[in-house]
Amino acid sequence: MTDTHCHLDYLEPAELAGALEAARGFRAMLTIGTEPAKSRRNLEIAGSAPNVWAAVGIHPTEAERWREYREETLELARHERVRAVGESGLDFYWTPQTRPQQYEALDWQAELAAELGLPLVLHVRSAQGDDRAELEVAEWLRRNRPPKVVLHAFGGHPALAEAGLEAGAYFSFAGPFTYKKNTRVREAARQLPLERLMVETDTPFLPPEPHRGKRNQPAYVRHTLEKLAEVRGLSAAEMERVTDANAQRCFGFTPA
């Protein structure tokens, strides 16, 4: 089992210990940085657990300070436990006013990921009731064609699915995939190539059913995987093999 996107740095010490114990048998967990201090903490966690790896990056809601963060992010991204750059992307839900800086930070992180031969992890969130971020990221993917890219917590937007496929992206599904009303994302997952599917938790956010409303943890990724298996007509064991293989191919996790 692999959790391709979590934020272990958000967990309190006892909560973290419990979460790591519950996921002790996992092949890998990728804990994601959003700014340098959080990236440093994630690297500490990755150094203490053999099946935890880190991504280092500047979240779009932090983009106003991306130039300030650039040098330290560059240094951290070269750490031996880093397996991705991000999460980057566009967020018009929380910080639409920083759109220009978000693009600057995204372009720089895309260049960094390509330089280091690492996947670029993308966050995409529009304001309530519109899809501007999805449409703009779709256009950005068509213009830039990053060598390896992951659409984190993919929501099923058709234009983003099409552009992602053209760019060879991986599509990672989180807890909302299990929610009854989210039929669009499940229909997208039914149509996407199996070799492009992954699962995640976004711990401590986006918990799946039956843990909705609670703090998330990597062990809960199994619920998303089981729903994905159901949608694709596979057994959970078969889907676990598929998503583990995809995560391995994307991130290049190495044995501890």
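Up top is the structure.
Anyway, here's the lowdown on the structure attached to this text. Please read these numbers as outputs of a predicted model, since none were measured by experiment. (Residues numbered from 1 in each chain as written. Predicted model: local features only at pLDDT ≥ 70, side-chain atom pairs only at ≥ 80, totals over all residues. Heavy atoms only, no water.)

## Brief notes about the packing of helix H7 (residues 183-191) against helix H8 (residues 221-232)
Then, number 1: Where H7 meets H8, the closest approach of the two axes is 9 Å, and the angle between their N-to-C directions is 60°. Relative to H8, the element H7 lies oblique. In terms of crossing hand, the pair formed by H7 and H8 is right-handed. Touching Arg186, Ala189 and Arg190 of H7 are Lys227, Leu228, Val231 and Arg232, all from H8. (Axes fitted to C-alpha atoms, helices over the stretch in contact; angles between N-to-C directions. Helix = DSSP H or I, 4+ residues; strand = E, 2+ residues; numbered from the N terminus. Parallel < 35°, antiparallel > 145°, perpendicular 65-115°, else oblique. Left-handed = near helix turned anticlockwise from the far one by under 90°. Contact = heavy atoms within 4.5 Å.)

## Quick notes on the side chain of Asp202
Then, number 1: Mapped onto the elements, Asp202 comes out in the loop between strand E8 (197-199) and H8.
Then, number 2: Despite its burial, Asp202 pairs with no opposite charge; the closest candidate is Arg125, at 8.2 Å N-O.
Then, number 3: Leaving out residues up to four positions away in the same chain, Asp202 has contacts with His5, Cys6, His7 and His152. (Buried < 20%, exposed > 50% of the residue type's maximum accessible area, 1.4 Å probe, protein only. Lys, Arg positive; Asp, Glu negative; His and termini not counted. Salt bridge = Lys/Arg side-chain N within 4 Å of Asp/Glu carboxyl O.)

## A word on helix H2 (residues 36-48)
Then, number 1: In this model H2 runs 19 Å from its N-terminal to its C-terminal C-alpha over 13 residues, within 8% of the 18 Å that 1.5 Å per residue would give.
Then, number 2: All of the buried residues in H2 are Pro36, Ser39, Asn42, Leu43, Ile45 and Ala46.
Then, number 3: In this fold, the buried residues of H2 make contact with helix H1 (13-22), strand E2 (28-32), strand E3 (52-56), helix H3 (66-77) and strand E4 (82-91).
Then, number 4: At the N-terminal end of H2, a side-chain oxygen is found 2.8 Å from the backbone nitrogen of Ala37, two or three residues along, and the residue is Glu35. (Expected span 1.5 Å × (residues − 1). Polar contact = N/O pair within 3.5 Å; in protein donor to acceptor, adjacent residues only side chain to side chain.)

## Section: the packing of aromatic side chains
Then, number 1: Scanning all chains against the criterion turns up eight aromatic pairs.
Then, number 2: Where Trp66 meets Trp108, the ring centres are 6.0 Å apart and the plane angle is 40°; that geometry is what we call tilted. With Trp66 in helix H3 and Trp108 in helix H4 (residues 99-116), the pair connects residues that are 42 residues apart, well separated along the chain.
Then, number 3: You can call Trp108 buried: its relative accessible area is 15%.
Then, number 4: A centroid spacing of 5.0 Å and a plane angle of 50° characterise the contact between Phe173 and Phe177, whose relative ring orientation is tilted.
Then, number 5: You can call Phe177 buried: its relative accessible area is 2%.
Then, number 6: Aromatic ring contacts, followed pair by pair, group Phe154, Phe171, Phe173 and Phe177 into a single cluster.
Then, number 7: For the cation-ring pair, Arg125 lies above Tyr93, with the distance from its terminal atom to the ring centre recorded as 3.6 Å. (Phe/Tyr/Trp six-rings, centres within 6.5 Å; stacked < 30°, edge-to-face > 60°. Lys NZ or Arg CZ within 6 Å of the ring centre and 35° of its normal.)

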